[in-house]
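Observations on chain architecture
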Amino acid sequence: LLKRDGLPTYNFANVVDDHLMRTTHVVRGAEWLPSLPIHVELFEKLGWEVPIYCHTAQLMKLDEEGNKRKLSKRKDPELGLNYYRSLGYHPAAVKEYLLTILNSNYEQWRLDNPDAPSSEFEFTVDKMGKSGALFDLEKLNDISQTIFLKLSAEEIYDFILTWAEEYNKDYAAILTKDAAMAKKAFDIGRHGDKPRKDLIYCAQIAKFSTYIFPETFKIEDDYPAEVSKEDIKAILE
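First things first, this report covers the structure right here in the doc. (Residues numbered from 1 in each chain as written. Predicted model: local features only at pLDDT ≥ 70, side-chain atom pairs only at ≥ 80, totals over all residues. Heavy atoms only, no water.)

The number of helices and strands found in the chain is 11 helices and 5 strands. With respect to the principal axes defined by its C-alpha atoms, the chain has extents near 80 × 45 × 40 Å. Per-residue burial over the chain gives 33% buried out of 237 residues. A separation of at least 24 residues holds for 57% of the contacts in the chain among residues at least 6 apart in sequence. Carbon together with sulfur atoms contributes 55% to the accessible area of the chain, which is approximately 15,800 Å² in total. The positive charge centre, built from 31 side chains, and the negative charge centre, built from 40, are 5 Å apart in the chain. (Helix = DSSP H or I, 4+ residues; strand = E, 2+ residues; numbered from the N terminus. Buried < 20%, exposed > 50% of the residue type's maximum accessible area, 1.4 Å probe, protein only. Contact = heavy atoms within 4.5 Å. Areas by Shrake-Rupley, 256 points an atom, 1.4 Å probe, with all protein chains shown as cover. Lys, Arg positive; Asp, Glu negative; His and termini not counted. Charge placed at Lys NZ, Arg CZ, Asp CG, Glu CD.)

Looking along a regular strand, one sees side chains alternate from face to face of the sheet. Inspection of the sheet shows strand β1 (residues 25–29) paired to strand β2 (residues 52–56) by 5 bridges, in the parallel sense. Bridge pairing in β2 places Val 27 opposite Cys 54. Assessed by its sense of winding, the connection that carries the chain from β1 through helix α2 (residues 36–46) to β2 is right-handed. (Pairing = 2+ DSSP bridges. Right-handed = clockwise from strand over helix to strand, strands pointing away.)

An ideal rise of 1.5 Å per residue puts 20 Å on 14 residues; helix α6 (residues 137–150) measures up with 20 Å between its terminal C-alpha atoms. Within α6, burial applies to Leu 140, Asn 141, Ile 143, Ser 144, Gln 145, Ile 147 and Phe 148. Where α6 is buried, its residues touch α3 (81–87), α4 (91–102), α7 (153–167) and α10 (202–208). (Expected span 1.5 Å × (residues − 1).)

Packing of α4 against α6 leaves a shortest axis separation of 9 Å and a crossing angle of 130°. The pairing of α4 with α6 is recorded here as oblique in orientation. Where α4 crosses over α6, the handedness of that crossing is right-handed. Contact with α4, carried on its side by Ala 92, Ala 93, Val 94, Glu 96, Tyr 97 and Thr 100, involves Lys 139, Leu 140, Ile 143, Ser 144 and Ile 147 of α6 and no other residues of that element. Class assignment for the residues of the contact of α4 with α6 results in 7 nonpolar, 2 polar and 2 charged. (Axes fitted to C-alpha atoms, helices over the stretch in contact; angles between N-to-C directions. Parallel < 35°, antiparallel > 145°, perpendicular 65-115°, else oblique. Left-handed = near helix turned anticlockwise from the far one by under 90°. Nonpolar A, V, L, I, M, F, W, Y, C, P; charged D, E, K, R; others polar.)

Moving on, we come to a nonpolar patch on the surface. A cluster of nonpolar side chains, contributed by Leu 98, Leu 102, Phe 123 and Val 125, occupies part of the molecular surface with about 330 Å² of accessible area. You can see Leu 98 is positioned in helix α4. (Patch = residues over 30% accessible without salt bridge, like charges linked within 9 Å, V, L, I, M, F, W, Y side chains within 5 Å. Salt bridge = Lys/Arg side-chain N within 4 Å of Asp/Glu carboxyl O.)

In any sheet, the strands associate via hydrogen bonds between backbone groups, in a parallel or an antiparallel arrangement. Within the open sheet, the 3 strands sit side by side as β4-β3-β5. Their pairing is mixed. Pairing within the sheet leaves two strands with one partner each, and these edge strands are β4 (68–70) and β5 (133–134). Bridge count between strand β3 (residues 59–62) and β5: 2 bridges; the pairing is parallel. The partner of Leu 59 across the bridge, within β5, is Ala 133.

Right, let's get into empty space enclosed by the protein. Under the defined criterion, the tally for this structure stands at 2 cavities of 30 Å³ or more. Together, Ala 185, Phe 186, Ile 188, Arg 196, Leu 199, Ile 205, Phe 208, Ser 209, Tyr 211 and Ile 212 line the largest cavity. Those elements that place two or more of their residues in the lining of the largest cavity are α9 (179–186) and α10. Grouping the constituent residues of the lining of the largest cavity by class yields 8 nonpolar, 1 polar and 1 charged. As a volume, the second largest cavity reaches approximately 40 Å³. (1 Å grid on protein atoms, 1.4 Å probe; cavity = no way out; pocket = protein on both sides within 12 Å on 5 of 7 lines; lining within 4 Å. Points joined across faces, edges and corners; volume = space filled by probe spheres on them.)

What follows deals with the nonpolar core. As a rule of thumb, nonpolar side chains are buried together in soluble globular proteins. If you look at the biggest cluster of nonpolar residues, it comprises 22 residues, and the most contacted ones within it are Ile 160, Tyr 171, Leu 175 and Phe 186. Counting residues per element, the ones that place at least two in this core are α7, α8 (169–177), α9 and α10. With 7 residues, α7 is the single largest residue contributor to this core. Apart from residues lying up to four places away in sequence, Leu 175 is in contact with Tyr 157, Ile 160, Leu 161, Ala 182, Phe 186 and Phe 213. (Core = buried A, V, L, I, M, F, W, Y, C linked by side-chain atoms within 4.5 Å.)

Below, the discussion takes up the pattern of salt bridges. Per the stated rule, a full pass over the model turns up 10 salt bridges. The shortest N-O distance in the salt bridge between Arg 69 and Asp 76 comes to 2.8 Å. Judged by its relative accessible area of 4%, Asp 76 is buried. Linking Glu 107 and Lys 139 is a salt bridge whose minimum nitrogen-to-oxygen distance equals 2.8 Å. A residue pair is termed long-range when its members are at least 10 positions apart, and Glu 107 in helix α5 (residues 106–112) and Lys 139 in helix α6 qualify at 32 residues. A residue is classified by how much of its surface remains accessible, and Lys 139, at 27% relative accessible area, is partly exposed. What you see here is one network of salt bridges that share partners, running through Lys 61, Arg 69, Asp 76 and Glu 78.

Printed below as a string of structure tokens:
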């Protein structure tokens, strides 16, 4: 029950904690399956009601050699919410992506209900994958493009400005200096039969839109060498 330092063992403390908090359901990763018999036996021996346990598959990613491994809290920044906040992913995009990972039938539901709020989707553990879902940043980016396309230029401006005020103050100053110009820029090519889908997250948009604002405009080195920088500037202006 107690370790040498006087603190209770994890398994014992875990069961007592769940009981005192009136825990009814325990949802945790599949790596905790080996401890399940210990926890169930402790609950039974103590005469307490055993909660419902649900062990989910782990999130996986491809390493540098192309092998699958578990996403790590220590190694992988994309496992923390601050990763998405600092880059400026829209919360709706992250939520939409996570739902595609959580339930195998979500993508078909979304195709059938393109404009419905995700809260109308009936989540069920029966549709959760039995093997680890592969984290796919490209898929998140694709979903994020669709989310931005559904926003108005005003909503895009407000969202990016809020992000910039925390993570890129110089860009925030540029946006507030000429808000009308910024909103027009964010609205370019977003209408018609084939609207543009190149806005992904705030940090990308800030870099992507540098040619629009005089304060950030510069001639990049990856333009064709046969075109002079003076001509490039004149053309873009």
